[in-house]
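# Structural overview for review
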Amino acid sequence: MSAVSCSTASSSGGCGFRFQSKTSIHSPNFIRIGTNSQSDRFCMHRLELVHGTRKVRGSSIRMALVDERQSTSNDVAEPPRILAYDLVQGALVKWRWKDDKSIPDTPTAVLLHGILGSGKNWGTFARRLAHEFPTWQFLLVDLRCHGDSASLKKRGPHSVATTASDVLKLVGQLRLTPRVLVGHSFGGKVVLSMVEQAAKPLPRPVRAWVLDATPGKVHAGGDGEDHPRELISFLRKLPKVVLSKREVLKALLHEGFSNDVAQWVVTNLRPTGPSASSFSWTFDLDGIAELYQSYEDTNLWNFVENLPRGVHVNFLKAERSLHRWALKDLQRIHAAEELASEEGGGVEMHVLEDAGHWVHTDNPDGLFRILSSSFQVLRA
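Predicted, not measured: the structure shown is a model, and the values here were computed from it.

About the criteria used
- Residues numbered from 1 in each chain as written.
- Predicted model: local features only at pLDDT ≥ 70, side-chain atom pairs only at ≥ 80, totals over all residues.
- Heavy atoms only, no water.
- Helix = DSSP H or I, 4+ residues; strand = E, 2+ residues; numbered from the N terminus.
- Contact = heavy atoms within 4.5 Å.
- Areas by Shrake-Rupley, 256 points an atom, 1.4 Å probe, with all protein chains shown as cover.
- Phe/Tyr/Trp six-rings, centres within 6.5 Å; stacked < 30°, edge-to-face > 60°.
- Lys NZ or Arg CZ within 6 Å of the ring centre and 35° of its normal.
- Expected span 1.5 Å × (residues − 1).
- Buried < 20%, exposed > 50% of the residue type's maximum accessible area, 1.4 Å probe, protein only.
- Polar contact = N/O pair within 3.5 Å; in protein donor to acceptor, adjacent residues only side chain to side chain.
- Arc of directions from axis to C-beta.
- Salt bridge = Lys/Arg side-chain N within 4 Å of Asp/Glu carboxyl O.
- Core = buried A, V, L, I, M, F, W, Y, C linked by side-chain atoms within 4.5 Å.
- pLDDT = per-residue confidence, 0-100.
- Pairing = 2+ DSSP bridges.

## A few points about the overall build of the protein chain
A count of helices and strands for the protein chain gives 12 helices and 14 strands. Sequence-distant contacts in the protein chain: of pairs separated by 6 or more residues, those separated by 24 or more amount to 78%. Accessible area for the protein chain stands at about 17,400 Å²; split by element, carbon and sulfur atoms hold 50% of it.

## As for the packing of aromatic side chains
In this structure the tally under the stated criterion is 11 aromatic pairs. Ring centres 4.7 Å apart and planes at 45 degrees place the aromatic pair Trp 264 and Trp 358 in the tilted group. Separated by 94 residues along the polypeptide, Trp 264 in helix α7 (residues 259-265) and Trp 358 in the loop between β14 (346-356) and α11 (359-362) bring together distant segments of the chain. An aromatic cluster of at least three residues, connected via ring pairs, comprises Phe 133, Trp 136, Phe 138 and Phe 375. A cation over a ring is seen here: Arg 332 above Trp 301, with NZ or CZ 4.3 Å from the ring centre.

## Overview of helix α8 (residues 285-297)
Along its 13 residues, α8 runs 18 Å from first to last C-alpha, staying within 8% of the 18 Å computed at 1.5 Å per residue. Taken together, the buried positions of α8 are Leu 285, Gly 287, Ile 288, Leu 291, Tyr 292, Ser 294, Tyr 295 and Glu 296. Backbone nitrogen of Asp 286 and a side-chain oxygen of the N-cap are separated by 3.2 Å at the start of α8; the cap is Asp 284.

## A word on helix α2 (residues 123-132)
Listed as buried for α2 are Gly 123, Phe 125, Ala 126, Leu 129 and Ala 130. Taken down its axis, α2 places every buried residue within 160 degrees of arc, on the same side.

## Comments concerning the pattern of salt bridges
Counted according to the given criterion, the structure contains nine salt bridges. Two residues, Arg 320 and Asp 354, come together in a salt bridge whose shortest N-O distance is 3.2 Å. Of this pair, Arg 320 sits in strand β13 (residues 311-320) while Asp 354 sits in strand β14; the two residues are 34 residues apart in sequence, bridging distant segments of the chain.

## Overview of the nonpolar core
Ranked by size, the top nonpolar core spans 71 residues in total, and within it Leu 116, Leu 139, Leu 235 and Leu 252 carry the most contacts. Here Leu 116 is in contact with His 146, Leu 231, Ile 232, Leu 235, Trp 264, Asn 268, Phe 283, Leu 285 and Ile 288, once residues within four sequence places are set aside. Ranked by size, the runner-up nonpolar core spans 26 residues in total, among them Phe 133, Phe 138, Leu 211 and Ala 318.

## A closer look at the confidence of the model for the protein chain
Keep in mind that low pLDDT regions are not for reading the predicted coordinates in detail. Summarising the model, the protein chain shows a mean pLDDT of 78, and 73% of its residues fall at 70 or more. Counted against residues more than four places away or in other chains, residues 1-25, with its pLDDT under 50, gives 55 contacts. Low pLDDT, under 50, characterises residues 35-77; the stretch is placed with 119 contacts to residues that sit more than four places away or in other chains.

## A closer look at the pairing of strand β5 (residues 85-89)
Burial analysis of β5 places five of its five residues in the buried class, which makes it a mostly covered element. By the alternation rule, side chains of β5 split into Tyr 85, Leu 87 and Gln 89 and Asp 86 and Val 88, which are all buried. Both β5 and strand β7 (residues 137-141) contribute to a ladder of five bridges, which runs antiparallel. The partner of Gln 89 across the bridge, within β7, is Gln 137.

## Remarks on the pairing of strand β6 (residues 108-112)
With five of five residues buried, β6 is to be regarded as a mostly interior element. What you see with β6 is no split at all: Thr 108, Val 110 and Leu 112 on one side and Ala 109 and Leu 111 on the other are buried throughout. Judged from the five bridges that link them, β6 and β7 form a sheet pairing that is parallel. Across the sheet, the residue bridging to Val 110 is Leu 139, located in β7. Where β6 and strand β8 (residues 180-184) come together, four bridges link them in parallel fashion. Residue pairing for β8: Leu 111 is matched across the bridge by Val 182.

As structure tokens, this is what we get:
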């Protein structure tokens, strides 16, 4: 496995690259692009990977765009940092200079997290996909107000639509044309909004996966369940800097949140200094409150029921979903299935058994089997 990281941790203050090699050719490459780099563009232009005795260079990680009109001009000295992201690559991904037409575009999937999450939520699952489909690469994004993107101040409003626009700008800057989009919960609506905003007709077929989210108004939680709105409200009342993860965990449990949710929430605390004597949140809770309100209110039914050619939307319902899937929502999705075009566009419904809302941790094997169909159909 080759691991490459780009950061400003080196003593020179520039880009520090780490190369670690193992013998397996099926291990994925992992690239971390942080938000504190002095020049992400410089890091990417200087990137060199070594596979055995064969050196492969990459400049600007060349791929095509969802919409070429959204590309960043080559004349820009240093493009603005849009979002933090990880790039997990299969062992057979081929690098090329951005103007090299001899190597085809790398098939790419974008994986988006839900509210109060980060791209790291998908790390283990993405590496599994990269191992099974080694010619693919997987872009794991920290959405606005979340993870390492929280330090990148974004102009409001904070909404599903503006979040989707951020991701489209990012894939444009990276010159990517994703073939598969996967979004969990809030990220699922972002995926729908991305396809809605993208240029039509699309340059190639796109398969979108909306995991445990409906296109319309969200009905989250029931009696005795964890309510995202209440969780966000409670976290906003806590100090921005806390002395102990354990104390936050105890406070969440005392407030009635489940142990699973409490354990997950405290993973978003990071040390404020090298001594780890205090911790702060990795997200912007005020912005996240706006995002969640938009998630509840955003209605994308009209888009789902009038999909452009080349788009196939897959909805996945968790058997023990945190969200209350209304009967009319299920009926509308099944009705939309019947409208699938002969050219590959359309809608499909799936149910993930033995899983709650956190589908990629509750039943990763089942989710892997269901999602794998997209990469088998579009195997490069």
